[in-house]
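# Structural overview for review
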Amino acid sequence: MAMCLATGVEKSGGVARVRTVAPVTTNLEAEAPAIPEQGPPYATVRDLEETDGLALGSPTRFGNMAAPLKHFLDGTSGLWASGALVDRPFGVFTSTATMHGGQETTLLSMALPLVHQGMVWVGVPYTLPELTSTASGGSPYGPSHVAGPDGSREITREERRIAEALGERIGRLARQLRPEAAP
């Protein structure tokens, strides 16, 4: 889904930077590698400082964002204190194993810290036809995906379009809210 949002940002004329967050563990002796073995690099607070807009995603864990993302966001109080993210647009997205696995509550849980940062929540308007035709994921709060119990279900055409549309909207609004940052 992150790649679909990135595609949307780039369709809007923006530049997308895809990141992941470092894992967390209850094993206090364990150290995560500085660079993941595969996938995008780990996000840093600096990445947030440099962004003009943000699409934040997480798998659902009991109707909430996953612990590694919460841990990362808990480390952004310096950005909050300085107001570094005020007036920057953001959107949220998620994936669940089942249709009723807590998609909307997860989207809300990710939005709360960003609203506290002074960011502007960008949702998915019902003018997007796929929002009313999807039989899987997607809501006005943000894109979502129903991955199936084993995670093997592919993203649907509607889910892909909803994610791309949000990426386009974030990219467009980032330029409108921060015109000095336009490419």
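Not measured: the values here are computed from a predicted model.

Another point: the confidence of the model for the chain. Taken over all residues, the pLDDT of the chain has a mean of 92, while the share at 70 or more is 93%. When mean pLDDT is taken per element in the chain, strand 4 (residues 120–121) scores highest with 98 and helix 6 (residues 130–133) scores lowest with 94.

It is worth spelling out the nonpolar core at this point. Judged by nonpolar contacts, the single largest core of 16 residues is most densely connected at Leu54, Leu56, Leu73, Phe90, Val92, Met110 and Leu114. For this core, the secondary structure elements donating two or more residues are strand 1 (54–61), helix 3 (67–74), strand 3 (89–96) and helix 5 (103–116). At four residues, the largest contribution of residues to this core is made by helix 5. Setting aside its immediate chain neighbours within four residues, Leu73 contacts Leu56, Met65, Pro113 and Leu114. In this structure, Leu128, Ile155, Ile162 and Ala163 belong to the second largest nonpolar core, which totals 13 residues.

A separate point is the packing of aromatic side chains. Within this structure, the stated rule accounts for two aromatic pairs. With centroids separated by 5.9 Å and ring planes inclined at 15°, the aromatic side chains of Phe90 and Trp121 adopt a geometry described as stacked. Placement of Phe90 in strand 3 and of Trp121 in strand 4 is noted, with a sequence separation of 31 residues between them. According to the relative accessible area criterion, Phe90 is buried, its value standing at 0%. Linked through ring pairs, Phe90, Trp121 and Tyr141 together constitute an aromatic cluster.

The next subject is the packing of helix 1 (residues 2–11) against helix 7 (residues 157–177). Where helix 1 meets helix 7, the closest approach of the two axes is 6 Å, and the angle between their N-to-C directions is 45°. Between helix 1 and helix 7, the angle is such that the two are oblique. In this structure, helix 1 meets helix 7 at a crossing whose hand is right-handed. Touching Cys4, Leu5, Thr7, Gly8, Val9 and Lys11 of helix 1 are Arg160, Ala163, Glu164, Leu166, Gly167 and Glu168, all from helix 7. Per-class residue counts for the contact of helix 1 with helix 7 are five nonpolar, three polar and four charged.

What counts, and at which threshold
Position numbers for residues count from 1 along each chain, tracking the sequence in the order it is written. Totals for whole chains, interfaces and linings use every residue, but because this is a predicted model, local features are given only for residues with pLDDT of at least 70 and side-chain atom pairs only at 80 or more, for both listing and counting. Where side-chain values are given, they derive from all heavy atoms of the structure, hydrogens and water being excluded. Confidence of the predictor at the level of single residues is given by pLDDT, which spans 0 to 100. Numbering of helices and strands starts at the N terminus; helices are DSSP runs of H or I of at least 4 residues and strands are runs of E of at least 2. Side-chain atoms within 4.5 Å are what join buried Ala, Val, Leu, Ile, Met, Phe, Trp, Tyr and Cys residues into a set we call a nonpolar core. Using a 1.4 Å probe on the protein chains alone, a residue whose accessible area is under 20% of its type maximum counts as buried, one over 50% counts as exposed, and one in between counts as partly exposed. By the convention used here, residues are in contact when the closest approach between their heavy atoms is within 4.5 Å. Pairing of aromatic rings covers Phe, Tyr and the six-membered ring of Trp, with a centre-to-centre limit of 6.5 Å; geometry is then stacked below 30 degrees between planes, edge-to-face above 60, and tilted otherwise. Orientation is described by lines fitted to C-alpha atoms, with helices fitted over the stretch in contact, and by angles between N-to-C directions that extend from 0 to 180 degrees. With respect to orientation, any angle under 35 degrees is reported as roughly parallel, any angle over 145 as roughly antiparallel, any angle of 65 to 115 as roughly perpendicular, and every other angle as oblique. Should the near helix be turned counterclockwise from the far one by less than a right angle, the crossing is left-handed, whereas a clockwise turn marks it as right-handed. Residues are grouped as follows: Ala, Val, Leu, Ile, Met, Phe, Trp, Tyr, Cys and Pro are nonpolar; Asp, Glu, Lys and Arg are charged; all remaining types, including Gly, are polar.

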